[in-house]
Amino acid sequence: MSIGVLQTVLPVEAPAPVEPLESLVREAKEGLSFDRTISRRFVHRASVTEVFLTDAAVAGADRFLVGAQLPRNHALYRPETTGQCDFMLLVETVRQAGIFLSHRYHDVPLGHHFIFKALSLRISDPAALRVGCGPLAVVLDVKVVTPAGGRNPRRFDARFDMVIEVGGRECARASAGVVVIDGVRYGRLRQRGRAAGTAAAPPGTSTYETSPYGTSAHGTAAGADDDRYVLRPVPAAEEWARPAGVREWRLHVDPAHPGYFEHPSDHVPGMLLLEAFRQAARETAGGAALTTLDADFAVFGELAEAVAVEAAPTEDGRVRLSATQGGRVLATAVARCA
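Keep in mind it's a predicted model, so treat the numbers as computed, not measured. (Residues numbered from 1 in each chain as written. Predicted model: local features only at pLDDT ≥ 70, side-chain atom pairs only at ≥ 80, totals over all residues. Heavy atoms only, no water.)

Before going further, it helps to spend a moment on the packing of aromatic side chains. Summed over all chains, the structure comprises four aromatic pairs. Arranged with centres 6.2 Å apart and planes meeting at 85°, the rings of Phe42 and Phe100 form a pair that is edge-to-face. Separated by 58 residues along the polypeptide, Phe42 in the loop between helix 1 (21–31) and strand 1 (53–60) and Phe100 in helix 2 (residues 87–105) bring together distant segments of the chain. Residue Phe42 is classed as partly exposed on the basis of its relative accessible area of 22%. For Phe100, a relative accessible area of 7% corresponds to the buried category. Ring centres 6.3 Å apart and planes at 70° place the aromatic pair Phe52 and Tyr77 in the edge-to-face group. Linking Phe52 in the loop between helix 1 and strand 1 with Tyr77 in the loop between strand 2 (63–70) and helix 2, this pair joins segments that are 25 residues apart in sequence. Judged by relative accessible area, which is 3%, Phe52 ranks as buried. The positively charged end of Arg41 is found above the aromatic ring belonging to Phe42, 5.3 Å away from the centroid. The residue whose ring lies beneath Arg104 is Tyr105, and the NZ or CZ to ring-centre distance is 4.8 Å. (Phe/Tyr/Trp six-rings, centres within 6.5 Å; stacked < 30°, edge-to-face > 60°. Helix = DSSP H or I, 4+ residues; strand = E, 2+ residues; numbered from the N terminus. Buried < 20%, exposed > 50% of the residue type's maximum accessible area, 1.4 Å probe, protein only. Lys NZ or Arg CZ within 6 Å of the ring centre and 35° of its normal.)

Structural data, given as structure tokens:
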């Protein structure tokens with residue numbers, strides 16, 4: 001005789017609904033604070049007034065949200081004639097975000113050296129970046145792309161792809177590629193670079209000279225009352241050598257400049273080269289503000305050698321740019337102006 005076992009079947013509870021990732025991201029964005037800046041050490045700045053990042057949050061695997069507050073005016077970054085914030089202010093914010101995320105979330109030690117390989121910024125909605133009666137609260141939605149495989153403790157390679165928003169409204173996209181190395185490797189790299197960059201500068205092209213100012217696209221003496229201007233005219237004896245349609249300047253490098261050399265550097269700063277590209281593109285395009293800049297960096301520029309900056313318009317309305325020193329290409333870029 002078999003005895004049946006009475007089983008009580010309990011109702012199966014439905015799994016709790018999984019909150020969509022984008023909903024979590026939205027909440028994280030709303031939780032970002034803009035009350036104070038992060039430590040200046042994490043963005044490689046000497047002055048706290050040069051720090052624009054305010055907060056950060058993890059939004060998923062290799063996805064981060066970064067808050068920033070952009071000042072209405074700044075010693076280097078001032079509103080464009082169109083009323084929107086300075087293009088290079090956004091570039092500097094992107095640069096700071098890449099450095100900060102590397103230190104904060106990828107265990108890159110302080111004191112390591114960041115070498116930017118490429119940096120691009122494309123503004124899609126200039127109206128969202130219009131400067132108003134207060135500073136702009138900006139959110140950078142960042143995806144960090146790193147090579148597959150094991151992590152090298154003495155080297156960190158990454159690309160930071162960013163969507164830039166103001167008030168929940170996408171206004172730009174950016175990308176920055178970087179290699180981070182320790183002090184020993186950096187010293188070896190710089191020693192090789194100095195050995196390769198020993199060609200003498202042509203007569204009269206010293207980066208420290210105070211040559212006569214050129215004329216800007218706005219009809220004023222470029223740099224006469226604005227120490228942000230970093231382009232100087234080439235010596236008259238060299239003007240004949242330029243190809244048709246190509247404009248050329250000499251980069252003015254002043255290691256004592258409080259903005260472009262906010263802290264000491266043993267090479268021409270990448271931000272100085274990007275500023276030169278911005279100014280050369282604007283001069284070539286009749287003074288219009290930049291909307292796009294895609295730049296690639298090749299080698300370090302030495303402080304004691306002249307740097308030539310060239311710009312050439314293309315048939316599709318863009319401007320091709322290059323910075324060379326002693327026959328070596330330091331950086332190239334393609335820009336588009338509004």
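Further remarks concern the pattern of salt bridges. Under the criterion given, the structure shown has 20 salt bridges. Residue Glu170 pairs with Arg173 through a salt bridge whose shortest N-O separation is 2.8 Å. A salt bridge links Arg190 to Asp266; the shortest N-O distance between them is 3.2 Å. Of this pair, Arg190 sits in helix 3 (residues 183–196) while Asp266 sits in the loop between strand 8 (247–251) and helix 4 (270–284); the two residues are 76 residues apart in sequence, bridging distant segments of the chain. The exposure class assigned to Arg190 is buried, which follows from its relative accessible area of 1%. Residues joined by salt bridges that share partners form a network here, namely Glu80, Asp86, Glu275, Arg278 and Arg282. (Salt bridge = Lys/Arg side-chain N within 4 Å of Asp/Glu carboxyl O.)

Within helix 1, burial applies to Ser23, Val25, Ala28 and Lys29. Where helix 1 is buried, its residues contact strand 1, strand 2, strand 4 (136–145) and strand 5 (155–166). (Contact = heavy atoms within 4.5 Å.)

Across soluble globular proteins, nonpolar side chains have a tendency to be buried as a group. Leu140, Phe160, Ile164, Leu251, Leu274 and Leu321 are the most contacted members of the largest nonpolar core, which totals 82 residues. A per-element tally of this core places helix 2 first, with 10 residues. Judged by nonpolar contacts, the second largest core, of seven residues, contains Val25, Leu32, Leu65 and Val139. (Core = buried A, V, L, I, M, F, W, Y, C linked by side-chain atoms within 4.5 Å.)

Turning to unusual backbone geometry, a few remarks are in order. One non-glycine residue, Asp62, lies in the positive phi region at around 60°. Structurally, the position occupied by Asp62 is in the loop between strand 1 and strand 2. We classify Asp62 as partly exposed; its relative accessible area is 32%. A positive phi angle, near 60°, is found at Asp107, a position not held by glycine.

What follows is about the side chain of Arg228. In this structure, Arg228 sits in the loop between helix 3 and strand 7 (231–233). What makes Arg228 buried here is its relative accessible area of 18%. At a separation of 3.4 Å, a polar atom in the side chain of Arg228 contacts the main-chain carbonyl oxygen of Leu76. Other than its neighbours up to four places away in sequence, Arg228 contacts Ala75, Leu76, Arg78, Asp86, Tyr260, Glu275 and Gln279. (Polar contact = N/O pair within 3.5 Å; in protein donor to acceptor, adjacent residues only side chain to side chain.)

Let us look at helix 4. Across its 15 residues, helix 4 extends 21 Å between first and last C-alpha, which sits within 8% of the 21 Å expected from 1.5 Å per residue. By the criterion of burial, helix 4 is predominantly enclosed, with 13 of the 15 residues buried. (Expected span 1.5 Å × (residues − 1).)

Glancing now at the sheet that holds strand 9 (residues 290–297). Across the sheet, 12 strands lie side by side as 1-2-4-5-6-3-9-12-11-10-8-7; this open sheet has antiparallel pairing. Both outer strands of the open sheet, strand 1 and strand 7, are each paired with one neighbouring strand and no more. Taking each pair of neighbouring strands and ignoring which way they run, the sheet shows an average axis angle of 25°. Where strand 8 lies against strand 10 (residues 308–313), four bridges are found, and the strand directions are antiparallel. (Pairing = 2+ DSSP bridges. Axes fitted to C-alpha atoms, helices over the stretch in contact; angles between N-to-C directions.)

Here the focus is the pairing of strand 2. Most of strand 2 is tucked away, with seven of its eight residues classed as buried. The pairing of strand 1 with strand 2 spans six bridges and is antiparallel. Looking across to strand 2, one finds that Val58 is bridged to Phe64.

Our next topic: the environment of Leu32. Of note, Leu32 is situated in the loop between helix 1 and strand 1. C-alpha separation for the pair Leu32 and Val66, spaced 34 residues apart in sequence, amounts to 7.7 Å. Look past the residues within four positions of Leu32 in its chain and what remains in contact with it is Asp55, Ala56, Ala57, Leu65, Val66, Gly67 and Val139.

Fair warning: the whole summary comes from geometry, so function is off the table for now.
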